[in-house]
Amino acid sequence: MLKEGEKVKQEIKNKILNILKENKLLVDGVENKIKVEPPKEEKFGDLSTNAAFILSKSLNKKSLEVANQIKELFEKDPYFEKVEVANGGFINLFISNIF
């Protein structure tokens, strides 16, 4: 990604962290472990995050359960056009045109 892409990626990560904090899902000390990266294939969205895997350990829940909970929160946000849960807990994000 270009530098502009890195800026957008960081803005999206901050948006994700804020949504998780607002909904009391973010546990102290895990922010740096949560990754937001472009998926290997475009069909899986603009960005993908491992947030559910990281948070599931702290929340004592299955990653798929946490991923679906996060998905519901992200779907309410206009920044995300579409949100999918894949591979047991990865969250694929399709960014809306307003971003």
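Above this text you will find the structure in question.
Residues numbered from 1 in each chain as written. Predicted model: local features only at pLDDT ≥ 70, side-chain atom pairs only at ≥ 80, totals over all residues. Heavy atoms only, no water.

Enquirer: Hey, could you go over the sheet that holds strand 4 (residues 90-95) for me, with residue numbers and the actual values?
Expert: Judged by pairing direction, the sheet is antiparallel, and its 4 strands sit side by side in the order 1-2-4-3 without closing on themselves. Two strands lie at the open edges of the sheet, namely strand 1 (36-37) and strand 3 (80-86), each paired on one side alone. Bridge count between strand 2 (residues 47-49) and strand 4: 3 bridges; the pairing is antiparallel. Paired with L47 across the bridge in strand 4 is L93. Those strands touched by helix 3 (residues 63-75) are strand 3 and strand 4, and its axis lies near 175° from that of strand 3. (Pairing = 2+ DSSP bridges. Helix = DSSP H or I, 4+ residues; strand = E, 2+ residues; numbered from the N terminus. Contact = heavy atoms within 4.5 Å. Axes fitted to C-alpha atoms, helices over the stretch in contact; angles between N-to-C directions.)

Enquirer: Any details on the layout of surface pockets? Residues and values, ideally.
Expert: Here the largest pocket defines a volume of roughly 250 Å³. P39, K40, S48, F90 and N92 are the residues nearest the centre of the largest pocket, which is lined by 13 residues in total. When residues of the lining of the largest pocket are traced back to their parent elements, those giving at least two are strand 2 and strand 4. Class assignment of the residues belonging to the lining of the largest pocket gives a composition of 4 nonpolar, 5 polar and 4 charged. (1 Å grid on protein atoms, 1.4 Å probe; cavity = no way out; pocket = protein on both sides within 12 Å on 5 of 7 lines; lining within 4 Å. Points joined across faces, edges and corners; volume = space filled by probe spheres on them. Nonpolar A, V, L, I, M, F, W, Y, C, P; charged D, E, K, R; others polar.)

Enquirer: Explain the pattern of salt bridges to me, using residue names and the numbers behind them.
Expert: If you walk through the whole model with that rule in mind, you get 6 salt bridges. In this structure, E75 and K71 form a salt bridge, with 2.8 Å as the shortest nitrogen-oxygen distance. One end of the pair, E75, and the other, K71, are both in helix 3, 4 residues apart, so they sit about a helical turn from each other. On the basis of relative accessible area, E75 is assigned to the partly exposed category, the value being 42%. Take K71: its relative accessible area is 22%, and that puts it in the partly exposed class. Via salt bridges that share partners, E6, K9 and E37 belong to a single interconnected network. (Salt bridge = Lys/Arg side-chain N within 4 Å of Asp/Glu carboxyl O. Buried < 20%, exposed > 50% of the residue type's maximum accessible area, 1.4 Å probe, protein only.)

Enquirer: Can you tell me about the nonpolar core, naming the residues and giving the values?
Expert: Of all hydrophobic cores here, the largest spans 25 residues; its most connected members are L20, I70, F74, F80 and L93. For this core, the elements supplying multiple residues, two or more each, are helix 1 (3-22), helix 2 (51-59), helix 3, strand 3 and strand 4. With near-sequence residues (within four places) excluded, L20 lies in contact with L25, L26, I34, A51, L55 and I70. (Core = buried A, V, L, I, M, F, W, Y, C linked by side-chain atoms within 4.5 Å.)

Geometric values such as these leave the question of function open.
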